[in-house]
Amino acid sequence: MNGDSLSPLWGVPFAGLLLSIAVLPLLAPRFWHHHYGKVAAAWALAFLVPFATSFGASETVHELVHVLVAEYLPFILLLTALFTVAGGIYIRGNLHGSPALNTGLLAIGAVLASLMGTTGASMLLIRPLIRANDNRQHKAHVVIFFIFIVSNVGGSLTPLGDPPLFLGFLKGVEFFWTAKHIFPETLFIVGALLVIFWLMDSYFYRKEGVLPVDPTPDTQRLGFDGSANFILLLAVVGLVLLSGIWKSPVTIDVYGTPMDLPGLVRDVGLIVIVFVSLWITPQRVHDANQYSWGPMVEVAKLFAGIFLTIVPVIAMLRAGVDGPFGAIVSAVTRPDGSPNPAMYFWATGVLSSFLDNAPTYLVFFNSAGGDAAVLMTTHAATLAAISAGAVFMGANSYIGNAPNLMVKAIAEDRNVRMPSFFGYMLWSMCILLPLFAIQTYIFFI
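Residues numbered from 1 in each chain as written. Predicted model: local features only at pLDDT ≥ 70, side-chain atom pairs only at ≥ 80, totals over all residues. Heavy atoms only, no water.

Chemist: What is the right way to read the side chain of serine 397 from this model?
Modeler: Looking at where serine 397 falls in the secondary structure, it is placed in the loop between α18 (380-392) and α19 (402-413). Beyond its immediate chain neighbours, meaning those up to four positions away, serine 397 contacts Ser353, Phe354, Asn404, Phe421, Tyr424 and Met425. (Helix = DSSP H or I, 4+ residues; strand = E, 2+ residues; numbered from the N terminus. Contact = heavy atoms within 4.5 Å.)

Chemist: When you look at empty space enclosed by the protein in this model, what are you seeing that I'm missing?
Modeler: Empty space left among the atoms is revealed by rolling a probe the size of a water molecule over them. Inspection of every chain in the model, using the stated rule, returns 2 cavities of 30 Å³ or more. Its volume calculated, the largest cavity comes out at about 50 Å³. Going through the elements one at a time, α6 (163-170), α7 (177-181) and α18 are the ones with two or more residues in the lining of the largest cavity. Among the elements that line the lining of the largest cavity, the one with the most residues is α6, at 3 residues. Its residues assigned to classes, the lining of the largest cavity shows 7 nonpolar, 4 polar and 1 charged. The space that makes up the second largest cavity amounts to roughly 40 Å³. Lining the second largest cavity are Leu129, Ile130, Asn133, Lys139, Val142, Val143 and Val416. Those elements giving two or more residues to the lining of the second largest cavity turn out to be α4 (99-132) and α5 (140-149). Residue composition of the lining of the second largest cavity, grouped by class: 5 nonpolar, 1 polar and 1 charged. (1 Å grid on protein atoms, 1.4 Å probe; cavity = no way out; pocket = protein on both sides within 12 Å on 5 of 7 lines; lining within 4 Å. Points joined across faces, edges and corners; volume = space filled by probe spheres on them. Nonpolar A, V, L, I, M, F, W, Y, C, P; charged D, E, K, R; others polar.)

Chemist: How should I be thinking about the pattern of salt bridges in this particular structure?
Modeler: Opposite charge on two side chains allows them to pair when their charged atoms are near. Applying the stated criterion to the full structure yields 4 salt bridges. With a closest N to O distance of 2.8 Å, arginine 136 and aspartate 201 form a salt bridge. Of the two residues, arginine 136 is situated in the loop between α4 and α5 and aspartate 201 in helix α8 (residues 183-208); the sequence distance between them amounts to 65 residues. With respect to class, arginine 136 is no different from aspartate 201; both count as buried. The partner of aspartate 267 in a salt bridge is arginine 266, with the nearest N and O atoms 3.0 Å apart. For the pair aspartate 267 and arginine 266, a shared accessibility class is recorded, and that class is buried. (Salt bridge = Lys/Arg side-chain N within 4 Å of Asp/Glu carboxyl O. Buried < 20%, exposed > 50% of the residue type's maximum accessible area, 1.4 Å probe, protein only.)

Below you can see the structure in the form of structure tokens.
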């Protein structure tokens, strides 16, 4: 799609969907709970119908197939595989949610996020974390910091951690480049968040104490049930890594959208892993985890609408300085024409807070030249800023990264009163934005 000829009005369906996600759960919670899928579909049609009228049925089908085959299906299949496999692992035993234990779990999650992805680490640890704190009166803040650290910032060190970095890996960025170049930035944010969380959790712990009866009975020892799923988790990581390393000339054309053989093998393998996990996991493990498809269904429906309505927005950003959003692209360049790392960090980050952070990463990756060899060397500070902005600032809103919504849905299923869309953003603005400002001054100016 040629974005430089589009009107900014094409972004209305995307903005409407975001506004619906933010407002309807507050104004009409019962309606939203039963009809969020229909709302997402309505906004998707609000884009597709005018698009078909303006550009024709053939171009509309082409865009629809491209979004489905090249973007949405690989995205949702990876999430489904990680959700299913992690949901088949039950951490046995009753942990007690003290400030020290909670901080330790968040630190472990930050490490795991770069090794098994933010989704895998989130799905593995969110249930035992909630269970450990089920005798606490105030626990929403525990889940909020979990989203900050485990579902986002922790996944910044390898291409396995977060989809934007995996796209960079496919574009030629070395596997360990981010670990070498944004480790100090990651350590700063994670360390600061852990200290802030420990102080806040200690305050609530001293103020409220614990309930007289712990809903989860104590057990003699900790352990894992459904541990065979760890092998499947390694298989998921292997398939994702293989699809980035394996180059094949074999492609299948699906209505103008090429599907390469490595990607096809990855996606089929992920489907197989889902069914194998469901087959080998005992029902008692799923029961113990209170496993249900509700959170995954919610993410699948909402992100289907997001992936469709975001098409013209991304196209207008890709148009560069000559497009409708040229001011944004121009803002990241210095007067002498060189890239401005600080502006790249904020532009990538702010858009990643509300757009899907993977295509946003690609937009600014290409705006900075698109040559991985040059970006890893001459413009290493710019590539570090783009990578950090896309991953870190996905924590700014519930829709910044897919695990955010999944964690929120699981927490609410377990009667944790999570803040609204804007309530969560108030937390992120008060805690994350000042840290990002300090980080900009230290690392990107």
